Number of protein chains: 2
Amino acid sequence: MNNNDLVLAVDAMGGDFGPPVVVPGALSAARSTGARVLLVGQEHAIRESLDSLPARDRPEALYDIVPASQVVEMEEKPSEILRTKKDSSIQVACRLVKQGQARGIISAGHSGAAVACGMFILGRIPGVERPALATILPTEKAPMLLLDVGANVECRPHHLFQFGLMGTTFAQDILGYENPRLGILSIGEEEGKGNSLVKSSYELLKMAQHLNFLGNVEGRDLFTGNVDVVVCDGFVGNVALKLSEGLGTSLTNVLKRELLSSGLLPKVGTLLARSAFRKFGKMVDYAEYGGAPLLGLQAVAIVCHGASNSKAISSAVAMAATYVEKGTHKRLVNAISANEELTRYARSV
Amino acid sequence: MNNNDLVLAVDAMGGDFGPPVVVPGALSAARSTGARVLLVGQEHAIRESLDSLPARDRPEALYDIVPASQVVEMEEKPSEILRTKKDSSIQVACRLVKQGQARGIISAGHSGAAVACGMFILGRIPGVERPALATILPTEKAPMLLLDVGANVECRPHHLFQFGLMGTTFAQDILGYENPRLGILSIGEEEGKGNSLVKSSYELLKMAQHLNFLGNVEGRDLFTGNVDVVVCDGFVGNVALKLSEGLGTSLTNVLKRELLSSGLLPKVGTLLARSAFRKFGKMVDYAEYGGAPLLGLQAVAIVCHGASNSKAISSAVAMAATYVEKGTHKRLVNAISANEELTRYARSV
């Protein structure tokens, strides 16, 4: 089962819970995909989490421990982490990839640090100015990819253009969409609606080769399942992502309160609610999809929510394994270089 | 009951359904508030809708019909409507206010036309550069005001600053919050997070007099009920508004499907669902709050959703009546002029 080419570096110290959650998640994905995971972080803590697993769940061929002594605190600035935390798990994990000992990284730690270390240690795909953080959102039908959701607070049209190229490639390989429908997030469906960034980006996306560009989509189209990839600047995308999380939670709270206080045959109500909540919960449960790929780097990098559980970590590691096996990186490089001239033109205007 | 000072011009032709929906809504608000409504539009259509109401629901003291021959089509551009549709219901309604025959307008028609006619016929409060469209959103606790939601696609810091001043005043008078907690929509709670527009606007809001400024809020904070007024540029606000509508609808669809297919004691399920949906539906039902005030004009102007039902129209007319009775306009003028120097400084940098 073990695949020697498929080695992934996992930031074992990341996330709100660290090794007790990350280690079982990583091992679970290793067992199901055949990937080998390098568990990066403080050795004793990782060892302790490994020891708490049944022996059959941690075959030695599936993992290695790579020590990293420093821990990143959530309130530290990415630039300081880069400079002062050379032996942090995220930096060590990135260097393992840079040195060819692993094919990608997975981290649920400080996401700003992951983006900064990804940019400066792994480096960018030639021609990519801004890597984008992409998130997979549930919809009424199949999942949808939204990017950028926070790596780039201010964007220019050629950035959104490249987000469209990268998002389309990722959706083909990882979500399995043959010809993903691509939209740009705006405030009206007609061409010409939106702010100046949207209007100029629209022009570029229309001219690109091999894109199934639908044009503008609105906020209300994100969850219908009628578009597969949506691009926007990282400010708008981050607001949209957090708003979706928040509204999902608030609606669930209201519904729970109401079901509890309705007093109608409580037991049946509970059964029914449990059933309804299964699917409902799935729709607002971002753990389902594991992590957010940071697209545009020289290797796969998956950033997970700090509150990730083992299932989310496992999904993220499995996503990285698929990415490596499908050769997605090579296809991203090709998509960027095939549109190099258009990008260069856009950058110059 | 009738209040001679309280006359409101209602665009009877507006909305997806026109007079059959707008006329009963306007009359219902007139009866409950004592306002007199000027029903502006094609006389025979308005008369027909009036005749279909029971006589006791349309006392003659409560309304007048003001003829307007032209109809605005949804695909027309606001600039063209201004130039070529001088006798449209929205233009005639605005002129009634301009000439002192009414104190405000309510329209469920073409919202771009309402904004343009409001700007150019009613005019702006001295010192206000950009009127803002504000929307009242439901939360887990009390309603919240979000502005701008689409009148200004590109904004500068002094615009967001004035949105904060106007939103606070409106929330005091219309939502009844003594000291509304004001936030700016960003992608991190700490000062210094966000794009350059947010950072500069933050500085201004911090310096303003009489504002209860909390600082940055995130997308996930919009529905918790822990902030009363949130400012953002019209692009971000429009995306946020439509996303909320869309996600609410999609979650409701998923939940309905699940409850239907669960097969658990269908009848009890229906009862329970109906009860749960009452509150749940209220949370995503924007008709509840009627309309979006366009703040910063020389009179009250309420823009309603095209799909408004009579209840939404009635709520919007009642909101306009409260606005007039409370003297909100005067208080908006004062809030703007009290911060004139800071605004002028911000505009110059």
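Predicted, not measured: the structure shown is a model, and the values here were computed from it.

## What to know about the side chain of D148(B)
Residues and elements named next belong to chain B. Positionally, D148 belongs in the loop between β6 (144-147) and α6 (157-173). Among buried charged residues, D148 stands out as having no salt bridge; its nearest opposite-charge side chain is R130, 7.0 Å away. A polar atom in the side chain of D148 sits 2.8 Å from the backbone nitrogen of L133. Within the structure, D148 has its side chain in polar contact with the backbone nitrogen of N152 (distance 2.6 Å). Look past the residues within four positions of D148 in its chain and what remains in contact with it is A132, L133, F163, C232, D233, G234, G237 and N238.

## What about the pattern of salt bridges?
Counted under the stated rule, the structure contains 20 salt bridges over all chains. The salt bridge involving E129(B) is made with R347(B); its shortest N-O contact spans 2.5 Å. Residue E129(B) is found in the loop between α5 (111-122) and β5 (132-137), and its partner R347(B) is found in helix α12 (residues 340-348); the two are separated by 218 residues along the sequence. For R347(B), a relative accessible area of 32% corresponds to the partly exposed category. In this structure, K206(B) and E191(B) form a salt bridge, with 2.9 Å as the shortest nitrogen-oxygen distance. Residue K206(B) is found in helix α7 (residues 196-207), and its partner E191(B) is found in the loop between β7 (181-185) and α7; the two are separated by 15 residues along the sequence. Overall, E191(B) belongs to the partly exposed group, its relative accessible area being 42%. Here the residues in one salt-bridge network are E218(A), R220(A), K242(B) and E245(B), joined through shared partners.

## Brief notes about the sheet that holds strand β11 (residues 300-304) of chain A
Residues and elements named next belong to chain A. One open sheet holds the 11 strands; their spatial order is β3-β2-β1-β4-β11-β10-β5-β6-β9-β7-β8, and the pairing between them is mixed. The outermost strands of the open sheet, each flanked by one partner alone, are β3 (63-67) and β8 (212-217). Neighbour-to-neighbour, the strand axes of the sheet open up by a mean angle of 25 degrees, direction not taken into account. Bridge count between strand β7 (residues 181-185) and strand β9 (residues 229-231): three bridges; the pairing is parallel. Bridged to I184 within β9 is V231. Sitting on the sheet, helix α1 (residues 19-33) is in contact with β1 (7-11), β2 (36-41) and β3, with an inclination near 165 degrees to β2.

## Concerning the sheet that holds β6(B)
Residue and element names in this part refer to chain B. The strand order across the open sheet formed by 11 strands is β3-β2-β1-β4-β11-β10-β5-β6-β9-β7-β8, and the pairing between neighbours is mixed. In this open sheet, the two edge strands, each paired with only one partner strand, are β3 (63-67) and β8 (212-217). Between one strand axis and the next, the sheet turns by 25 degrees as a mean value, whatever way the strands run. Across three bridges, the pairing between β6 and strand β9 (residues 229-231) is parallel. Bridging across to β9, L147 finds its partner in V231. Set on the sheet, helix α1 (residues 19-33) makes contact with β1 (7-11), β2 (36-41) and β3; between it and β2 the angle comes to about 165 degrees.

## Observations concerning the packing of helix α6 (residues 157-173) of chain A against helix α12 (residues 340-348) of chain A
All names here are of chain A. Remark: α6 packs on α12, axes separated minimally by 8 Å, with the N-to-C direction vectors making an angle of 155 degrees. Considering the angle they form, α6 stands roughly antiparallel to α12. For the pair formed by α6 and α12, the contact residues are H158, F161 and Q162 on the first element and L342, T343, A346 and R347 on the second.

## Looking at the confidence of the model for chain A
Averaged over chain A, the pLDDT score is 90; the fraction of residues at 70 or greater is 90%. Here the predicted complex scores 0.91 on pTM and 0.89 on ipTM.

## Overview of the pairing of β7(B)
Residues and elements named next belong to chain B. Counting buried residues along β7, four of its five residues qualify, which places the element largely inside the surrounding structure. As paired elements, β7 and β8 share five bridges and run parallel to each other. In the strand pairing of β8, L185 is matched with V217.

## Observations concerning helix α4 (residues 89-98) of chain A
All names here are of chain A. Among the 10 residues of α4, eight are classified as buried, and the element is accordingly described as predominantly covered. Listing the buried residues of α4 in full gives S89, I90, Q91, V92, A93, C94, L96 and V97. Of the residues one or two after α4, G100 is the one with positive phi, at around 85 degrees.

## Thoughts on the environment of K85(A)
Residue and element names in this part refer to chain A. Examined against the element boundaries, K85 turns out to sit in the loop between α3 (78-84) and α4. Judged by relative accessible area, K85 falls into the buried class, the value being 13%. For K85, the contacting residues outside a window of four places in its chain are Q70, V71, V72, E73, E76, E80 and Q91.

## With respect to the packing of aromatic side chains
Residues and elements named next belong to chain A. Under the defined criterion, the tally for this structure stands at four aromatic pairs over all chains. With centroids separated by 6.3 Å and ring planes inclined at 45 degrees, the aromatic side chains of F170 and Y323 adopt a geometry described as tilted. Highlighted residues: F170 in helix α6 and Y323 in helix α10 (residues 310-325), separated in sequence by 153 residues. For the pair F170 and Y323, a shared accessibility class is recorded, and that class is buried. With a centroid separation of 5.1 Å and an interplanar angle of 75 degrees, the aromatic rings of Y202 and F213 are classed as edge-to-face.

About the thresholds
Residues numbered from 1 in each chain as written. Chains lettered and ligands numbered in written order. Predicted model: local features only at pLDDT ≥ 70, side-chain atom pairs only at ≥ 80, totals over all residues. Heavy atoms only, no water. Helix = DSSP H or I, 4+ residues; strand = E, 2+ residues; numbered from the N terminus. Buried < 20%, exposed > 50% of the residue type's maximum accessible area, 1.4 Å probe, protein only. Lys, Arg positive; Asp, Glu negative; His and termini not counted. Salt bridge = Lys/Arg side-chain N within 4 Å of Asp/Glu carboxyl O. Polar contact = N/O pair within 3.5 Å; in protein donor to acceptor, adjacent residues only side chain to side chain. Contact = heavy atoms within 4.5 Å. Pairing = 2+ DSSP bridges. Axes fitted to C-alpha atoms, helices over the stretch in contact; angles between N-to-C directions. Parallel < 35°, antiparallel > 145°, perpendicular 65-115°, else oblique. pLDDT = per-residue confidence, 0-100. Phe/Tyr/Trp six-rings, centres within 6.5 Å; stacked < 30°, edge-to-face > 60°.

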